[in-house]
Amino acid sequence: MQKKQIWGIIIAVLLFVLVGVSSVLTNSLGERIKEGSKEILLAGDLNFVPPKEDYIAVVKVEGTIQEQTQTSVFSEDAGYQHTSTLDYIDELIKDDFNQGILLYVDSPGGTVYESEELYDKLMSYKEKTKRPIWDYMAHYAASGGYMASVTADKIYANQNTTTGSIGVILAGYDMTGLYEKLGIKYYSVTSGPFKDGSKITDELMAIYQSQVDELYQSFVDKVALGRDMSVEEVKKVADGRVYTATQAKEKGLIDEIGSLDELKKAMSKHCKTDVYYELSNEISPFSKLFADAKKLIPKSESQVLLEESEKLESGVPMYYAQ
């Protein structure tokens, strides 16, 4: 066994022991917090502690919109946390001190399921509370990120924002040629001609295309509703391409080009409060230590290839900008 692999195993064992100890301490602290205060514990162990005065809530959508990832002491930067975000919005709906949502989007999109669920939750917030949502686009607000943005009453974009990419992608691998070269024979026993999705035929491709078309129409309808445009107008700009902030404004996809500070100034005036609140997601010293240590454990070539292939080519429909 190579020296590098031995050290990797030793580090993994030590981390396993430390994780166990840390979990016990974290659970104990969590119980004390719940018993001794009125803090509300959301999914992902995030505490909702809003101000006892009128405030605007900052809801961040950063990174790929996808199923909630498992948070642990290893997590240095968990990215977008879907279930936590939905729980957060639910609590805002119930809080009379909340006067609106500043939706901060820095995302290229993600899976159809989670993108649609986030959209529905934001729309539910507006319908139940009658409070405004204002949106700020950072680096990216494309595809599923743009879908979330169209729930907003007003959309601001940074001058260097990339947005648009209104559309759907379903991607995968056809490995038959590779199998033939390697002498690998694949077989499957199915109950119907379309059960095995690995054999791409014209008929199966037509089925996939019909599904993509249905999801695309749903996306177009949401944009038309949010931007007060006709379906025909949306389809003219919804061919999957991305737009600069200037182009997006010309086509009616955003309202203003400006900075986050400019949005806050205008929103504070509109909501009559300059108090902003967002969930704290501070990284403890232990989490930072474990995250750094995890990077020292070498990945095999198969692990690297698997992680890369799972990012997009999963066979799952995506509202995602490539």
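Residues numbered from 1 in each chain as written. Predicted model: local features only at pLDDT ≥ 70, side-chain atom pairs only at ≥ 80, totals over all residues. Heavy atoms only, no water.

## Some words on the overall build of the protein
Cut-off, in case you're wondering: Only runs of H or I of at least four residues qualify as helices and only runs of E of at least two qualify as strands under DSSP, and these elements are numbered from the N terminus. Relative accessibility decides the category of a residue: with a 1.4 Å probe and only protein chains considered, values under 20% of the type maximum give buried, values over 50% give exposed, and everything between is partly exposed. Each accessible area is a Shrake-Rupley estimate made with a 1.4 Å probe; only the visible protein chains count as cover when residues are assessed.
Counting secondary structure elements, the protein contains 11 helices and 12 strands. Put simply, the protein has 322 residues, and 38% of those count as buried. Of the roughly 19100 Å² of accessible surface on the protein, a fraction of 54% belongs to carbon and sulfur atoms.

## Points about the confidence of the model for the protein
Definition in use: Confidence of the predictor at the level of single residues is given by pLDDT, which spans 0 to 100. Should any heavy atoms of two residues lie within 4.5 Å, those residues are considered in contact.
When pLDDT is averaged along the protein, the result is 83; 74% of the residues meet or exceed 70. Every residue in residues 28–37 is under pLDDT 50, and counting partners more than four places away or in other chains gives 3 contacts. Within the model, pLDDT remains below 50 along residues 72–76, and this stretch shows 18 contacts once partners closer than five positions in the same chain are excluded.

## Topic: the packing of helix α2 (residues 82–94) against helix α3 (residues 112–129)
For the record, the criterion: Interaxial angle, 0 to 180 degrees, is taken between N-to-C directions of lines fitted to C-alpha atoms, where a helix line uses only the stretch in contact. Working definition: roughly parallel below 35 degrees, roughly antiparallel above 145 degrees, roughly perpendicular at 65 to 115 degrees, and oblique for all remaining angles. Note on residue categories: nonpolar means Ala, Val, Leu, Ile, Met, Phe, Trp, Tyr, Cys or Pro, charged means Asp, Glu, Lys or Arg, and polar means any other residue, Gly included.
Where α2 meets α3, the axes come as close as 10 Å, and the angle between the chain directions of the two elements is 5 degrees. Judged by the inter-axis angle, α2 sits roughly parallel to α3. Residue-level inspection shows His-82, Thr-85, Leu-86, Ile-89, Asp-90, Leu-92 and Ile-93 of α2 in contact with α3, the latter providing Glu-114, Glu-117, Leu-118, Lys-121, Leu-122, Ser-124, Tyr-125, Lys-128 and Thr-129. Its residues assigned to classes, the contact of α2 with α3 shows 7 nonpolar, 4 polar and 5 charged.

## Concerning the pairing of strand β3 (residues 55–62)
Quick reminder of the rule: By the convention used here, strands pair only if DSSP detects at least 2 bridges between them.
In terms of residue burial, β3 counts as a mostly covered element, since 6 of its 8 residues are buried. As defined by bridge partners, β3 adjoins strand β4 (residues 98–107) across 8 bridges and the pair is classed as parallel. Along β4, the bridge assignment pairs Tyr-55 with Asn-98. Alignment of β3 against strand β11 (residues 276–277), held across 2 bridges, turns out to be parallel. Across the sheet, the residue bridging to Ala-57 is Tyr-277, located in β11.

## Focus: the side chain of Ser-84
Mapped onto the fold, Ser-84 is located in helix α2. Assessed through its relative accessible area of 2%, Ser-84 is described here as buried. Setting aside anything within four residues of it in sequence, one finds Ser-84 in contact with Leu-42, Ala-43, Gly-44, Leu-46 and Gln-68.

## A closer look at the pairing of strand β7 (residues 154–157)
For clarity, the cut-off: Crossover handedness is defined by viewing with both strands directed away from the observer: a clockwise path from the first strand over the helix to the second marks the crossover as right-handed.
In terms of strand pairing, strand β6 (residues 133–142) meets β7 through 4 bridges, oriented parallel. Its bridge partner being in β7, Met-137 is matched across the sheet by Ala-157. Regarding topology, helix α4 (residues 144–149) serves as the crossover connection from β6 to the parallel β7, and that connection is right-handed. Where β7 meets strand β10 (residues 256–257), 2 bridges bridge the pair, whose relative direction is parallel. Bridging across to β10, Tyr-156 finds its partner in Glu-256.

## Quick word on the environment of Val-112
Within the fold, Val-112 resides in helix α3. Placed 46 residues apart in sequence, Val-112 and Gln-66 show a C-alpha to C-alpha distance of 8.6 Å. Residues within four places of Val-112 in sequence aside, it is in contact with Leu-215, Pro-317, Met-318 and Tyr-319.

## A few points about a nonpolar patch on the surface
Here is the rule: Like charges are joined within 9 Å and nonpolar side chains (Val, Leu, Ile, Met, Phe, Trp, Tyr) within 5 Å, but only among residues with over 30% relative accessible area and no salt bridge; these make up the patches. The salt bridge criterion pairs a side-chain nitrogen of Lys or Arg with a carboxyl oxygen of Asp or Glu, the two atoms within 4 Å.
There is a patch of nonpolar side chains on the surface, built from Tyr-173, Met-175, Leu-178, Leu-182 and Ile-184 and spanning about 490 Å² of accessible area. Residue classification places Tyr-173 among the exposed positions, given a relative accessible area of 51%.

## Points about the nonpolar core
Quick reminder of the rule: By convention a nonpolar core is built from buried Ala, Val, Leu, Ile, Met, Phe, Trp, Tyr and Cys residues, the set being connected through side-chain atoms within 4.5 Å.
Counting residues in each nonpolar core, the largest one holds 54 residues, and the members touching the most others are Tyr-88, Leu-92, Leu-103 and Leu-118. Within the second largest apolar cluster, 11 residues are counted, among which are Val-58, Tyr-104, Trp-134 and Leu-263.

## Some thoughts on the pattern of salt bridges
Under the defined criterion, the tally for this structure stands at 7 salt bridges. The residue Glu-278 makes a salt bridge to Lys-60 at a minimum N-O spacing of 3.4 Å. In this pair, Glu-278 is assigned in the loop between β11 and α10 (285–294) and Lys-60 in strand β3, connecting sequence segments 218 residues apart. Exposure remark for Glu-278: the relative accessible area of 39% places this residue in the partly exposed category.

## Section: the packing of α3 against helix α6 (residues 202–227)
Quick reminder of the rule: Handedness of a crossing follows from how the near helix is turned relative to the far one, being left-handed for an anticlockwise turn of less than a right angle and right-handed for a clockwise one.
Look at α3 against α6: their axes get within 13 Å of each other, and the N-to-C directions meet at 25 degrees. Viewed along their axes, α3 and α6 adopt a mutual orientation that is roughly parallel. Between α3 and α6 lies a crossing of left-handed hand. When α3 is examined against α6, the residues Val-112, Glu-116, Tyr-119 and Met-123 are found in contact with a partner set consisting of Leu-215, Ser-218, Lys-222 and Leu-225. Among the residues forming the contact of α3 with α6, the class breakdown is 5 nonpolar, 1 polar and 2 charged.

## Some points on the side chain of His-82
Note the threshold: Pairs of N or O atoms within 3.5 Å make up the polar contacts considered here, provided that, within protein, one atom can donate a hydrogen while the other can accept it, and that residues adjacent in sequence are counted only when both atoms are side-chain atoms.
Here His-82 shows up in helix α2. Separated by 2.8 Å, the side chains of His-82 and Tyr-80 make a polar contact. Setting aside anything within four residues of it in sequence, one finds His-82 in contact with Gln-66, Glu-67, Gln-68, Glu-114, Glu-117 and Leu-118.

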